[in-house]
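One letter stands for each residue in the lines below.
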Amino acid sequence: GVKRTLDALDAAGIRHAGSARTPQEAATTTLLEVEGVRLALLSYTFGFNGIPAPGGETWRSNPIDERRILTDAGAARQRGADVVVVALHWGDEYNHDPNGQQQALAPRLIGSPDIDLLLGHHAHVVQPIEAVGDRMSGVPQVACFDTSFHRGQPAVAELVPLPREIRDKGVQRY
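The following refers to the structure shown. The structure displayed is predicted, hence computed values, not measured ones. (Residues numbered from 1 in each chain as written. Predicted model: local features only at pLDDT ≥ 70, side-chain atom pairs only at ≥ 80, totals over all residues. Heavy atoms only, no water.)

Regarding the side chain of Asn-62
Along the chain, Asn-62 falls in the loop between strand 2 (37-45) and helix 3 (66-78). A relative accessible area of 10% places Asn-62 in the buried class. Side-chain polar atoms of Asn-62 contact the backbone oxygen of Ser-43, separated by 3.0 Å. For Asn-62, the residues in contact, after removing those within four places along its chain, are Gly-18, Ala-26, Ser-43, Tyr-44, Thr-45 and Arg-68. (Helix = DSSP H or I, 4+ residues; strand = E, 2+ residues; numbered from the N terminus. Buried < 20%, exposed > 50% of the residue type's maximum accessible area, 1.4 Å probe, protein only. Polar contact = N/O pair within 3.5 Å; in protein donor to acceptor, adjacent residues only side chain to side chain. Contact = heavy atoms within 4.5 Å.)

This is the structure:
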């Protein structure tokens with residue numbers, strides 16, 4: 001279950017967000033430092049594919065809630081995050097088109113000055129990547145509806161321009 005998975009990720013040194021073993025862990029922001037850049041990873045889900053939360057412990061995953069996501073992103077910025085990435089488990093499986101929730105919520109989330117990148121996952125097929133708005137020294141923000149890329153398609157890292165503030169710290173693409 002959730003505990004076994006998170007224990008395995010921890011043992012492998014892989015940081016994670018969006019699932020928790022305890023209510024205290026659920027309230028913790030995942031902050032990483034990569035080449036001098038502080039990155040916050042926030043993650044949310046529409047649900048468990050119809051399966052109830054284990055033992056009714058709804059804190060085990062973060063539900064998609066616009067107000068909470070925006071609040072968490074603002075708090076991550078206040079904690080010193082240079083980049084805030086929001087990952088959303090959403091969309092309709094095997095449908096290449098974003099659903100109504102994705103179309104309505106993505107522009108509002110990526111329009112926040114506290115969210116730099118919006119990554120979607122769950123559909124199991126490629127969905128569009130769109131630049132939404134323009135900020136951070138003319139570098140567009142990106143909403144990626146699903147990250148299930150197929151062979152031959154560029155990786156998200158190749159499509160997302162690095163903000164000037166990050167480039168100025170010497171961070172390069174890898």
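Re the layout of surface pockets
In this structure, the second largest pocket encloses a volume near 430 Å³. Elements represented by at least two residues in the lining of the second largest pocket include exactly helix 1 (2-11), strand 2 and strand 3 (83-89). Looking at the lining of the second largest pocket, the element that brings in the most residues is strand 2, giving 4 residues. (1 Å grid on protein atoms, 1.4 Å probe; cavity = no way out; pocket = protein on both sides within 12 Å on 5 of 7 lines; lining within 4 Å. Points joined across faces, edges and corners; volume = space filled by probe spheres on them.)

Overview of the pattern of salt bridges
The final tally for this structure, using the stated rule, is 9 salt bridges. Here Lys-3 and Asp-7 are joined by a salt bridge, their closest N and O atoms 2.6 Å apart. On the criterion of helical spacing, the pair formed by Lys-3 and Asp-7 is a turn pair, its members being 4 residues apart in helix 1. The partner of Asp-10 in a salt bridge is Arg-21, and the shortest N-O contact between them spans 2.7 Å. (Salt bridge = Lys/Arg side-chain N within 4 Å of Asp/Glu carboxyl O.)

Take it as geometry only, folks, not as evidence of what the structure does.
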